[in-house]
Amino acid sequence: MIGLLLGSQGCLVVSLNPVYDEESIGFDPGLLGGWQDSDDNSSLQIDRGEWKSYRIHYVHPIENGDVTGYLTSIGDARYLDLMPASGVDRGSFLVPVHVSLRLTLDGDRLELAPLSYDWFTARLRARPGIPAAVPGLVFAFDQKENALIVSPTARLREWLRRQPAAGAMFGAAAVFTRK
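Can you lay out the overall build of the protein for me, pointing to particular residues and giving the numbers?
Each helix and strand in the protein was counted, giving three helices and 13 strands. Per-residue burial over the protein gives 46% buried out of 179 residues. Pairs at least 24 apart in sequence give 56% of the contacts found in the protein among residues at least 6 apart. Summed over all atoms, the accessible surface of the protein reaches about 9,200 Å², with 53% contributed by carbon and sulfur.

Got a sec to walk through the nonpolar core? Specific residues and values, please.
Counting residues in hydrophobic clusters, the biggest one holds 21 residues, and the most contacted among them are Leu44, Ile56, Leu110 and Leu112. Every element with two or more residues in this core is listed here: β4 (42–48), β5 (53–60), β6 (63–74), β7 (77–84), β8 (99–106), β9 (109–114) and β13 (174–178). With 19 residues, the next largest nonpolar core counts Val13, Leu137, Leu156 and Leu160 among its residues.

How would you sum up the pairing of β8? Please name residues and give values.
In the sheet, β7 pairs with β8 via five bridges, with the strands oriented antiparallel. Note on β8: the bridge partner recorded for Leu80 is Leu101. Pairing analysis gives six bridges linking β8 to β9, with the strands arranged antiparallel. The residue bridging Thr104 from the neighbouring strand is Glu111, located in β9.

Tell me about the pattern of salt bridges, and please be specific about residues and values.
In the structure shown here, the tally under the stated rule is six salt bridges. Taking the shortest distance from any N to any O, the salt bridge between Arg78 and Asp28 comes out at 3.0 Å. Residue Arg78 is located in strand β7, and its partner Asp28 is located in the loop between β2 (25–26) and β3 (33–37); the two are separated by 50 residues in the primary sequence. Note that Glu111 is salt-bridged to Arg109, the shortest N-O span being 2.3 Å. Looking at Arg109, the relative accessible area reads 37%, which means it is partly exposed. Each member of the salt-bridge network shares a partner with another, and the members are Glu158, Arg161 and Arg162.

Before we move on, can you summarise the pairing of β13 with the specific residues and values?
Pairing analysis gives two bridges linking β3 to β13, with the strands arranged antiparallel. The residue of β13 that forms the bridge with Trp35 is Arg178. In this sheet, β13 lies alongside β9 in antiparallel orientation, the contact comprising four bridges. Paired with Leu112 across the strands is Ala174, a residue of β13.

Got a sec to walk through the packing of aromatic side chains? Specific residues and values, please.
Counted according to the given criterion, the structure contains seven aromatic pairs. Here a set of aromatic residues connected by ring pairs shows up, and it is made of Trp119, Phe120, Phe139 and Trp159. Its guanidinium or amino end placed over the ring of Phe170, Arg102 lies 4.2 Å from that ring's centre, counting from NZ or CZ.

Lay out the side chain of Thr68 in plain terms, naming residues and giving numbers.
The topology assignment puts Thr68 in strand β6. Setting aside residues up to four positions removed in sequence, Thr68 forms contacts with Ser53, Tyr54, Asp81, Leu82, Met83, Pro84, Ala85 and Ser86.

How would you sum up unusual backbone geometry? Please name residues and give values.
With a phi close to 50°, Asn41 is a non-glycine residue in the positive phi region. The phi torsion at Trp51 lies on the positive side, around 50°, for a residue other than glycine. Relative to the helices and strands, Trp51 is located in the loop between β4 and β5. The class of Trp51 is exposed, set by a relative accessible area of 56%.

Outline the environment of Phe27, supporting the account with residue identities and numerical values.
Considering the arrangement of structural elements, one finds Phe27 in the loop between β2 and β3. Not counting the four nearest positions on each side in its chain, Phe27 is found in contact with Leu32, Arg48, Lys52, Ser53, Tyr54 and Leu71.

Cut-off values and rules
Residues numbered from 1 in each chain as written. Predicted model: local features only at pLDDT ≥ 70, side-chain atom pairs only at ≥ 80, totals over all residues. Heavy atoms only, no water. Helix = DSSP H or I, 4+ residues; strand = E, 2+ residues; numbered from the N terminus. Buried < 20%, exposed > 50% of the residue type's maximum accessible area, 1.4 Å probe, protein only. Contact = heavy atoms within 4.5 Å. Areas by Shrake-Rupley, 256 points an atom, 1.4 Å probe, with all protein chains shown as cover. Core = buried A, V, L, I, M, F, W, Y, C linked by side-chain atoms within 4.5 Å. Pairing = 2+ DSSP bridges. Salt bridge = Lys/Arg side-chain N within 4 Å of Asp/Glu carboxyl O. Phe/Tyr/Trp six-rings, centres within 6.5 Å; stacked < 30°, edge-to-face > 60°. Lys NZ or Arg CZ within 6 Å of the ring centre and 35° of its normal.

What follows is the structure in structure tokens.
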């Protein structure tokens, strides 16, 4: 999914619950349009979705697809919560998960930083067989070796509020420029 777009090795930090809540959803028209990451030869097309959502089509050399995004603010930081495209029924056995990206938009420059898979993995490996706990969060590996956060939205938002922008819990940012 979008993790390939951000240069991961296929393993992501995902959550069962979104990072946004009803009161915190925002919309920034500055995100709309085409974006290119020349370092990664990837691109995004961000369009207005239903209500306050974004329809995002991403193209990466080894994967492409569509996701739905919601913008939210937590303290001074902004996050883009991505999930499988809305309106597509994937059946009863598939649970949509969320990927949270710290977002920085400065004119025609867009940075998207995921939660660091390595940071979460180090905490999971320290306690084999036991769901890892970081104060305020509970997470575990899923069958695909993704770090799966199972904490409710309020706890996830509170945990993110306490994290420094340059903290090790965030991975390297993908940097896009407007096409």
